[in-house]
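Fold and contact review
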Amino acid sequence: MSHAPAPCVRPRHAADLPACVEALAQVHVADGYPTNWPARPAGWLAGGSVVGAWVAELGGRVVGHVSLCRSGEDDVAPVLWSGRTAVAVDEIAVVSRLFVAPGARGHGLGALLLARVVAEAGELGLFPVLDVVASDVSATALYERTGWRFLGTGEQHWSPRQTVTVRCYAAPELPAEVSPS
């Protein structure tokens, strides 16, 4: 009798980046994420103001990824959340670079990655938010299925010639450490 492989979420290590890039390439072909394929995908995954990053493993293989980043000045979701709660933008973190390889879907890995990043944000006293390109209906379905709260839409400026509409979400539960007064 064969058993389904047990999924696992653990901190990402530098040695995981090649497998992450391979999974990301599969996601890009299947879903068009990321919208613009980065010139240096490993650098794109590891770059920016990353507070922490995790991978999902299935059967001992890296098949998913998520990171938690400090909010940037052009991030729409932190501004929306701050405006609703009076939580300072520097107390908000952005869930980023979330993906699960198409062949590994259906095992709850996206939900596990989201739960891990929310827990980490809470431990750091940060409130997690995220945004997703409005046309990405499968990602939107995951966020709504896992209880993320829709904040609204906004325009994200990715370059002088590219502006996209994003849907913004706040984590399902407000960690006690960052509850608004």
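Whatever comes next refers back to the structure up there.
For clarity, every value in this text was computed on a predicted model and none was experimentally measured.

Topic: the overall build of the protein
Each helix and strand counted, the protein has 5 helices and 7 strands in total. Against the 2.2 N^0.38 benchmark of 16 Å for 181 residues, the protein shows a C-alpha radius of gyration of 16 Å, consistent with a compact globule. For the protein, with 181 residues in total, the buried portion stands at 45%. When contacts within the protein are restricted to residue pairs at least 6 apart in sequence, long-range pairs at least 24 apart make up 65% of them. Carbon and sulfur atoms make up 54% of the accessible area of the protein, which totals about 9,100 Å².

Looking at the nonpolar core
Within soluble globular proteins, side chains that are nonpolar tend to cluster in buried spots. Leu 45, Trp 81, Val 95, Leu 114, Val 129, Tyr 143 and Trp 148 are the most contacted members of the largest nonpolar core, which has 51 residues in total. When residues in this core are grouped by element, the largest group, 7 residues, is from strand β4 (residues 92-100). Other than its neighbours up to four places away in sequence, Val 129 contacts Ala 77, Pro 78, Trp 81, Ile 92, Ala 93, Val 94, Val 95, Trp 148, Tyr 169 and Ala 170.

Quick notes on the pattern of salt bridges
Tallied over the full model, the rule gives 5 salt bridges. Arg 116 is paired through a salt bridge with Glu 120; the nearest N and O atoms lie 3.2 Å apart. Here Glu 120 and Arg 116 lie together in helix α4 (residues 109-123), a separation of 4 residues that amounts to about one turn. The exposure class of Arg 116 is partly exposed, given its relative accessible area of 27%. When its relative accessible area of 15% is taken as the criterion, Glu 120 is described as buried. Each member of the salt-bridge network shares a partner with another, and the members are Arg 10, Asp 16 and Glu 57.

Points about the sheet that holds β4
Across the sheet, 7 strands lie side by side as β1-β2-β3-β4-β5-β7-β6; this open sheet has mixed pairing. Two strands bound the open sheet, and with one partner strand each, they are β1 (7-11) and β6 (149-159). Between one strand and the next, the sheet's axes are offset by a mean angle of 30 degrees, whatever the strand orientation. Bridge count for β1 against strand β2 (residues 50-58) is 5 bridges, and the pairing is antiparallel. The partner of Pro 11 across the bridge, within β2, is Trp 54. Those strands touched by helix α5 (residues 137-145) are β4, β5 (127-133) and β7 (162-170), and its axis lies near 20 degrees from that of β7.

Rules and cut-offs
- Residues numbered from 1 in each chain as written.
- Predicted model: local features only at pLDDT ≥ 70, side-chain atom pairs only at ≥ 80, totals over all residues.
- Heavy atoms only, no water.
- Helix = DSSP H or I, 4+ residues; strand = E, 2+ residues; numbered from the N terminus.
- Rg over C-alpha atoms; globule rule 2.2 N^0.38 Å.
- Buried < 20%, exposed > 50% of the residue type's maximum accessible area, 1.4 Å probe, protein only.
- Contact = heavy atoms within 4.5 Å.
- Areas by Shrake-Rupley, 256 points an atom, 1.4 Å probe, with all protein chains shown as cover.
- Core = buried A, V, L, I, M, F, W, Y, C linked by side-chain atoms within 4.5 Å.
- Salt bridge = Lys/Arg side-chain N within 4 Å of Asp/Glu carboxyl O.
- Pairing = 2+ DSSP bridges.
- Axes fitted to C-alpha atoms, helices over the stretch in contact; angles between N-to-C directions.

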